[in-house]
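# Topology and contacts: notes
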Amino acid sequence: MAIHWFPGHMNKARKKIAEAMPDIDLVIEVLDARLPFSSTNPMVDELRSDKPCIKILNKADLADPAVTDQWVKYFSQQHNTQAMPLVAEDKKQVKKVIQLCKKLGSHRSNKKLAIRVMIMGIPNVGKSTLINALAGRQIARTGNEPAVTKANQMIDLKNGIVLSDTPGILWPKFENELSGYRLAASGAVKDTAIEYTDVALFALDYLLQHYSQALVSRFKMKALPDTAEQALNTIAAKRGCLRPGGIADLHKASELALHELRSAKIGLISLETPAMVEGELAELEAARLAALEADEQQP
Ligand SMILES: Nc1nc2c(ncn2[C@@H]2O[C@H](COP(=O)(O)OP(=O)(O)OP(=O)(O)O)[C@@H](O)[C@H]2O)c(=O)[nH]1
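Residues numbered from 1 in each chain as written. Predicted model: local features only at pLDDT ≥ 70, side-chain atom pairs only at ≥ 80, totals over all residues. Heavy atoms only, no water.

So, on to empty space enclosed by the protein. As enumerated under the stated definition, the model contains 2 cavities of 30 Å³ or more in all. In this structure, the largest cavity spans a volume of roughly 60 Å³. Lining the largest cavity are Arg 34, Leu 62, Ala 185, Ser 186, Leu 261, Arg 262, Gly 267, Ile 269 and Leu 271. Of all the secondary-structure elements, those providing two or more residues to the lining of the largest cavity are helix H6 (177-186) and helix H10 (250-262). Of the residues that constitute the lining of the largest cavity, the class distribution is 5 nonpolar, 2 polar and 2 charged. Forming the boundary of the second largest cavity are Ala 203, Leu 204, Leu 207, Ala 257, Leu 258, Leu 261 and Ile 266. Counting only elements with at least two residues in the lining of the second largest cavity, the list comes to helix H7 (196-210) and H10. For the lining of the second largest cavity, the residue count by class is 7 nonpolar, no polar and no charged. (1 Å grid on protein atoms, 1.4 Å probe; cavity = no way out; pocket = protein on both sides within 12 Å on 5 of 7 lines; lining within 4 Å. Points joined across faces, edges and corners; volume = space filled by probe spheres on them. Helix = DSSP H or I, 4+ residues; strand = E, 2+ residues; numbered from the N terminus. Nonpolar A, V, L, I, M, F, W, Y, C, P; charged D, E, K, R; others polar.)

In structure tokens form, the structure reads like this:
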């Protein structure tokens, strides 16, 4: 089941979070380590205001560790923010999250009270998996389809932490077209949002630029393809994705390539770096200013 984020839904989610926030001591934002910028929603920082926040780069087992390090440094520079990579089912790592929650909540005047934590994030980043791991038992349902977390659960972990569940679900933002493609490539948004083959071509183009050796070796390519189209055709040929008459079945090859990307079979791949995202944001801002200027010059 997928959430369709109509403006009504968005306003309702936002209102619920805003109402719950005064009773929250600490926000945990769960991000996808492969695309920490595209899997965030700026509303998290807006709604938490000056409350401390732990940004969890979840699914770190699928991401490029060197790039994840860059993201941890990037987020750690933000106001009242700590960042850490995580594999949500790794008990040792989850213990560290609990310790960090307690440390950040130690400013509370009454130290006997449990720290009240809200877990926030877009669908499918691993919020429920993390909640279950923090609790040490099955509390929230998990699934690889977006939007299974149920509303309004208060969970006493009996370890000094009380979790407020749902109001934390936000929608991915699509202001930046590239973010939309990255979300689709990672499987975070339903494939129907953008044409499947387009997503695969986007991903292959990115892999050719940043992880070409991993791509060549996974699909046993004889030479580095010049273009994403060529790469997709090679994958179709190598993996027998053919239609009657020996024509390449590009839809099937796209499905296969994306599946292997998402399950890290091609390698540990991050879809964006802080430098890349900052460059894109600067370009967007320049385009916005140019459009404003052009508007002003209209008679
Ligand atoms: N590889 C990997 N997969 C993970 C990790 N954490 C969660 N997942 C998987 O990601 C999928 C989504 O996890 P959920 O915990 O259901 O995500 P959610 O954010 O609660 O999703 P909604 O309920 O839609 O808001 C599931 O298939 C999980 O098994 C992780 O650290 N690594």
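There's plenty left to go through after this.
What follows deals with the pairing of strand S6 (residues 161-164). Residues Ile 161 and Leu 163 of S6 are buried on one face, and the alternating residues Val 162 and Ser 164, pointing to the opposite face, are buried as well. Relative to S6, strand S4 (residues 115-120) is paired through 4 bridges, and the arrangement is parallel. Considered in S6, the bridge of Met 118 is made with Ser 164. (Buried < 20%, exposed > 50% of the residue type's maximum accessible area, 1.4 Å probe, protein only. Pairing = 2+ DSSP bridges.)

Quick look at the packing of H6 against H10 now. The packing of two helices is summarised by the inter-axis angle and the distance between the axes. Contact geometry for H6 and H10: axes closest at 8 Å, N-to-C directions at 85 degrees. What the angle tells us is that H6 and H10 run roughly perpendicular. Contacts between H6 and H10 involve Ala 184, Ala 185 and Ser 186 from the first element and Leu 258, Leu 261 and Arg 262 from the second. (Axes fitted to C-alpha atoms, helices over the stretch in contact; angles between N-to-C directions. Parallel < 35°, antiparallel > 145°, perpendicular 65-115°, else oblique. Contact = heavy atoms within 4.5 Å.)

Enumeration over the complete set of coordinates arrives at 5 aromatic pairs. Chaining the aromatic ring pairs together yields one cluster made of Trp 71, Tyr 74 and Phe 75. (Phe/Tyr/Trp six-rings, centres within 6.5 Å; stacked < 30°, edge-to-face > 60°.)

Glancing now at the nonpolar core. Ile 28, Ile 54, Val 117, Ile 119, Leu 134 and Leu 163 are the most contacted members of the largest nonpolar core, which has 75 residues in total. Grouped together as the second largest cluster of nonpolar side chains are 14 residues, Ile 24, Val 27, Met 43 and Cys 53 included. (Core = buried A, V, L, I, M, F, W, Y, C linked by side-chain atoms within 4.5 Å.)

Looking now at the environment of His 79. Along the polypeptide, His 79 turns up in the loop between helix H3 (65-76) and strand S3 (81-85). Spatially, the C-alpha atom of His 79 lies 8.9 Å from that of Cys 53, the residues being 26 residues apart in sequence. Those residues in contact with His 79, other than ones at most four positions away along the chain, are Arg 48 and Asp 50.

Another aspect to go through is unusual backbone geometry. Here Ser 49, not a glycine, exhibits a phi torsion of approximately 55 degrees, which is positive. By the element assignment, Ser 49 lies in the loop between helix H2 (43-48) and strand S2 (53-58). Of note, Asn 80 is a non-glycine position whose phi angle comes to about 50 degrees, a positive value. Topologically, Asn 80 is positioned in the loop between H3 and S3.

Attention now goes to the pairing of S2. Counting buried positions over the 6 residues of S2 gives 6, a clear majority of the element. Burial along S2 is two-sided: Cys 53, Lys 55 and Leu 57 and Ile 54, Ile 56 and Asn 58, pointing in opposite directions, are all buried. The pairing of strand S1 (residues 26-32) with S2 spans 6 bridges and is parallel. Its bridge partner lying in S2, Asp 32 is registered against Asn 58. Taken together, S1, H2 and S2 constitute a β-α-β crossover, and its handedness is right-handed. Bridge count between S2 and S3: 5 bridges; the pairing is parallel. Its bridge partner lying in S3, Leu 57 is registered against Pro 85. (Right-handed = clockwise from strand over helix to strand, strands pointing away.)

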